[in-house]
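Observations on the model geometry
Take a look at the letters that make up each chain.
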Amino acid sequence: MDTDVLVVGAGPTGLLLAGDLAEAGVRVTVLERRASESNMTRAFAVHARSMEQLEIRGLADQLAKTGTTVRELRLFATVRLDLGVLPTEYGSLLVTPQYQTERVLRQRVDELGVPVLAGVEVLGLTQDGDGVEVTTRTADGATTRYRAAYVVGADGVGSTVRKALGLPFPGHSVIKSMMLADVRLSAPPADVLAVNGVGDAFAFVAPFGDGWYRVFAWNRGHQVDDSAPLELEEVREVTRRALGTDFGMGEARWLSRFHSDERQVPRYRVGRVFLAGDAAHCHSPAGGQGMNTGMQDAANLGWKLGAAVRGWGDDALLDTYHAERHPVGRAVLRSSGAIIRLAMIRSRWGRAARNTLAGLLLRLPPVRAAATGSISAIGFRYRAPRGADRRVGSRVPNLALRTGRLYDALRGGRFVLVGAAAGELPLPLPPQVDAVTPARPLDRLLLVRPDGYLGWVGTADEFPAWAREYFRT
Ligand SMILES: Cc1cc2nc3c(=O)[nH]c(=O)nc-3n(C[C@H](O)[C@H](O)[C@H](O)COP(=O)(O)OP(=O)(O)OC[C@H]3O[C@@H](n4cnc5c(N)ncnc54)[C@H](O)[C@@H]3O)c2cc1C
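We now turn to the structure provided with this report. (Residues numbered from 1 in each chain as written. Predicted model: local features only at pLDDT ≥ 70, side-chain atom pairs only at ≥ 80, totals over all residues. Heavy atoms only, no water.)

Let's talk about the site of the ligand
To be explicit about the condition: When we say a residue is near a molecule or strand, we mean one of its heavy atoms is within 4 Å of it. Polar contact is defined as a pair of N or O atoms within 3.5 Å, subject to the rule that within protein one atom must be able to donate a hydrogen and the other to accept it, and that residues adjacent in sequence are counted only when both atoms are side-chain atoms. Each accessible area is a Shrake-Rupley estimate made with a 1.4 Å probe; only the visible protein chains count as cover when residues are assessed. Counting from the N terminus, the helices are the DSSP runs of H or I reaching at least four residues and the strands are the DSSP runs of E reaching at least two.
Near the ligand there are 33 residues, and of these E32, R42, D278, M291 and N292 occur at the shortest range. Between the ligand and A45 there is a distance of 3.0 Å, counted from an oxygen atom to a backbone nitrogen or oxygen. Between an oxygen atom of the ligand and a side-chain N or O atom of Q98, the distance comes to 2.8 Å. Considered on its own, the ligand offers 1000 Å² of accessible surface; in the complex 92% of this is hidden by protein. Breaking the shell around the ligand down by element, the ones donating at least two residues are α1 (12-23), β2 (28-32), β9 (120-127) and α7 (290-310).

Written as structure tokens, this is what we have:
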């Protein structure tokens, strides 16, 4: 083996995963087709659960400094969603360019000494019972083979890894000819986010926090190929129609057209090869969830692959990656699809009905909690295994401990047993587990997985037998 795990793609998904694997002591190499960093920013919204995942890795403060927080989302002209109600310290979304998120993740990977081979394109792969062989090509045409115990395709929506596995990517197109412009505004909107659709036009404006603004504009009457040239005047004109003003749109640093598909691969794992991020699912940018979902795929997969490489994680544990993340991907496709379809309603009556109904529904606390929980991913949980406490699989907030906070204790990819005071600990603890005492007593011991979800709930008497089987100690 050249390495334990090969990660294909140094986007946000691949970088977070590579960092987690390295932190767990796994030998990992990243192969990236691009020769240099990309300064084109697709994603600009980092949601609450991603901020919590970054906090677990000690990176949240660093990323927060690069952007601006938005507490209230405006889904349609009049419908507001207050993220401040979320049960987290991150009751907002962070607006920051995708390259800032990638830089923070890349810095961690570099500090951990992970080789990131830039300008290396993966062409294909084959696998056998012991490992996976990947064929690559560099810009000068030289081909090389690498062998690893596991491979993760985090190579984006056009994933070569997915194609090499022969997997379909079923779905359909949701929106064509969306215009994107990163611009300066001389008269920016008073609200942090401005969004509206009228008849055949739709526009969305959000600040990056550094004087630049991201504009999406769409014109039903002018649907052209992504490669058609785009002038700022077209973006201005559609924005004026949708929002009543172009906010003094001036200099543009990026203008492009894009389309969005809604697709999901049916299997996230084939033998020793896994798919994560856009390689496994894609949808429209409405809701800003693509990059966020990819990073959380990585957080789910990292510790499981680490366990497999270390010898205690079996096939069944690796299978839980698909079992847990595929339903989340499906839910994200559904919710982002609903947002974009509702935003694009054509008739005035349809839009009025949408606004009234959404406004009324979102006043109901359970609907509001479901909407904010889904968009921020704070509300996602995994299914508890049969016979387990029903809380197993749920997200664990950053609990106050007698000393410090839970997310600090999770740093380094460890399991954390929360609950017992020093004299009551079910000793000896497995080598993968640290124990901490909560600030307030709990009714049961909680075993928190490295990705911040509940892995087990029970009593000190029950723990040793369960842990012996789970950790194979
Ligand atoms: C306009 C727009 C706005 C968006 N806004 C948001 C938002 O606000 N919030 C959000 O969460 N998401 C948003 N998204 C989606 C987000 O950008 C993607 O979901 C995210 O980039 C996916 O990350 P990834 O790491 O899975 O894939 P990518 O970022 O696509 O990274 C894949 C990497 O793999 C490399 N690669 C590809 N093929 C190969 C190969 N054969 N060999 C080696 N390397 C390879 C690529 O060069 C690339 O670096 C938006 C998307 C668009 C288009």
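Now that the structure has been shown, we can carry on.
Quick notes on a nonpolar patch on the surface
Threshold: Note that patches include only residues with greater than 30% relative accessible area and no salt bridge, and the join distances are 9 Å for like charges and 5 Å for nonpolar side chains (Val, Leu, Ile, Met, Phe, Trp, Tyr). One side-chain nitrogen of Lys or Arg within 4 Å of one carboxyl oxygen of Asp or Glu is enough to make a salt bridge.
Residues L357, L361, L364 and V367 make up a contiguous nonpolar surface patch of roughly 330 Å² in combined accessible area. Relative to the helices and strands, L364 is located in the loop between α9 (348-361) and α10 (365-376).

Considerations on the pairing of strand β16 (residues 249-264)
Note the following rule: Only strands that DSSP links by at least two bridges are regarded as paired with each other.
Inspection of the sheet shows strand β12 (residues 171-185) paired to β16 by 11 bridges, in the antiparallel sense. Looking across to β16, one finds that L185 is bridged to M249. In the sheet, β16 pairs with strand β19 (residues 281-282) via 2 bridges, with the strands oriented antiparallel. The residue bridging Q264 from the neighbouring strand is H281, located in β19.

Thoughts on the environment of R27
The line we're drawing: Type-normalised accessible area, obtained with a 1.4 Å probe on protein chains alone, sets the label of each residue: buried when under 20%, exposed when over 50%, and partly exposed for intermediate values. Pairs of residues are marked as contacts when any of their non-hydrogen atoms sit within 4.5 Å.
As for its placement among the helices and strands, R27 is situated in the loop between α1 and β2. Taking the relative accessible area as the measure of exposure, R27 reaches 42% and is therefore partly exposed. Residues within four places of R27 in sequence aside, it is in contact with M1, D2, T3, D4 and V5.

Examining empty space enclosed by the protein
How we decide: Here the term cavity refers to a set of points on a 1 Å grid, laid over the protein atoms alone, in which a 1.4 Å probe fits but cannot get out; the term pocket refers to an open set having protein on both sides within 12 Å along at least five of seven lines, with lining residues being those that place an atom within 4 Å of a point. Grid points are joined across faces, edges and corners, and a volume is the space filled by probe spheres set on the points. We call Asp, Glu, Lys and Arg charged. Ala, Val, Leu, Ile, Met, Phe, Trp, Tyr, Cys and Pro are nonpolar, and the rest, Gly among them, are polar.
Under the counting rule described, the total for this entry stands at 2 cavities of 30 Å³ or more. Counting only elements with at least two residues in the lining of the largest cavity, the list comes to α7, α8 (315-343) and α10. Classifying every residue of the lining of the largest cavity gives 5 nonpolar, 6 polar and 1 charged. The calculated volume of the second largest cavity comes to roughly 40 Å³. Along its surface, the second largest cavity is lined by G197, V198, G199, D200, A201, F202, W218, R220, A343, M344, I345 and R351. For the lining of the second largest cavity, the elements supplying multiple residues, two or more each, are β13 (194-198) and β14 (201-207). When grouped by side-chain class, the residues that make up the lining of the second largest cavity number 7 nonpolar, 2 polar and 3 charged.

A short note on the layout of surface pockets
There is about 870 Å³ of room inside the second largest pocket. In this structure, the second largest pocket is lined by 31 residues; those nearest its centre are T320, P385, G455, W466 and Y470. Taken together, the elements giving at least two residues each to the lining of the second largest pocket come down to α8, β23 (454-458) and α12 (463-471). Top element by residues in the lining of the second largest pocket is α8. It accounts for 7 residues. Class assignment of the residues belonging to the lining of the second largest pocket gives a composition of 17 nonpolar, 5 polar and 9 charged.

A short note on the nonpolar core
How we decide: Only buried residues count toward a nonpolar core, which is a set of Ala, Val, Leu, Ile, Met, Phe, Trp, Tyr and Cys residues joined through side-chain atoms within 4.5 Å.
Counting residues in each nonpolar core, the largest one holds 100 residues, and the members touching the most others are V5, L54, M178 and L305. At 7 residues, the largest contribution of residues to this core is made by α7. Core analysis: the second largest hydrophobic core is formed by 18 residues, A181, A194, V205 and V235 among them.

Focus on α9
Selection rule: Working rule for helices: expected span equals 1.5 Å times residues minus one. The arc in question is traced by the directions running from the helix axis to the C-beta atoms.
Under the 1.5 Å per step criterion, the end-to-end length of α9 is 20 Å for 14 residues, consistent within 8% with the ideal 20 Å. Here α9 has its buried residues at R351, R354, N355 and A358. The buried residues of α9 occupy an angular sector of 95 degrees when the element is viewed end-on, so they sit on one face. Among the exposed residues of α9, those pointing more than 90 degrees away from its buried face are W349 and L357.

Observations regarding the sheet that holds β13
The 6 strands are arranged β13-β14-β15-β12-β16-β19 in an open sheet whose pairing can be described as antiparallel. Each edge of the sheet is formed by a strand with only one pairing partner; in this case those strands are β13 and β19. Of the pairings in the sheet, the one linking β13 to β14 comprises 5 bridges and is antiparallel in character. Across the sheet, N196 pairs through a bridge with A203, a residue of β14.

Section: the environment of T403
With respect to the element layout, T403 can be found in the loop between α10 and α11 (406-410). Put simply, T403 and T437 are 34 residues apart on the chain and 7.8 Å apart in space, counted from C-alpha to C-alpha.

Quick word on helix α4 (residues 98-111)
Between the first and last C-alpha of α4 there are 20 Å, a value that for 14 residues agrees with the 20 Å anticipated at 1.5 Å per step. Of all the residues in α4, the buried ones are Q98, Y99, Q100, T101, E102, V104, L105, R108 and V109. Within two residues after α4, G113 carries a phi angle of roughly 75 degrees, on the positive side.

What to know about the pairing of β23
In terms of burial, β23 is a largely internal element, 4 of the 5 residues being buried. As judged from the 4 bridges shared by strand β22 (residues 445-448) and β23, these two strands associate in the antiparallel manner. Along β23, the bridge assignment pairs L445 with G458. Connecting the antiparallel pair β22 and β23 is a turn made up of 5 residues, with G452 showing a positive phi of about 80 degrees.

Quick word on the packing of α1 against α4
A packed helix pair is summarised by two numbers, namely the angle formed by the two axes and the spacing between the axes. Put simply, the test is: Helix axes are fitted only over the stretch in contact, all axes being lines through C-alpha atoms; the angle between N-to-C directions runs from 0 to 180 degrees. In what follows, roughly perpendicular refers to angles from 65 to 115 degrees, roughly parallel to angles under 35, roughly antiparallel to angles over 145, and oblique to any angle outside these ranges. Handedness of a helix crossing follows the sense of rotation of the near helix relative to the far helix, less than a right angle counterclockwise being left-handed and clockwise being right-handed.
Viewed as axis vectors pointing N to C, α1 and α4 meet at an angle of 20 degrees, and their least axial separation amounts to 9 Å. As summarised for this structure, α1 and α4 are arranged roughly parallel, according to the angle between their axes. Regarding α1 and α4, the two cross each other, and that crossing is left-handed. Counted together, P12, L15, L16, A18, G19, D20 and E23 of α1 and Q98, E102, L105, R106, R108 and V109 of α4 form the full contact between these two elements. Its residues assigned to classes, the contact of α1 with α4 shows 6 nonpolar, 2 polar and 5 charged.

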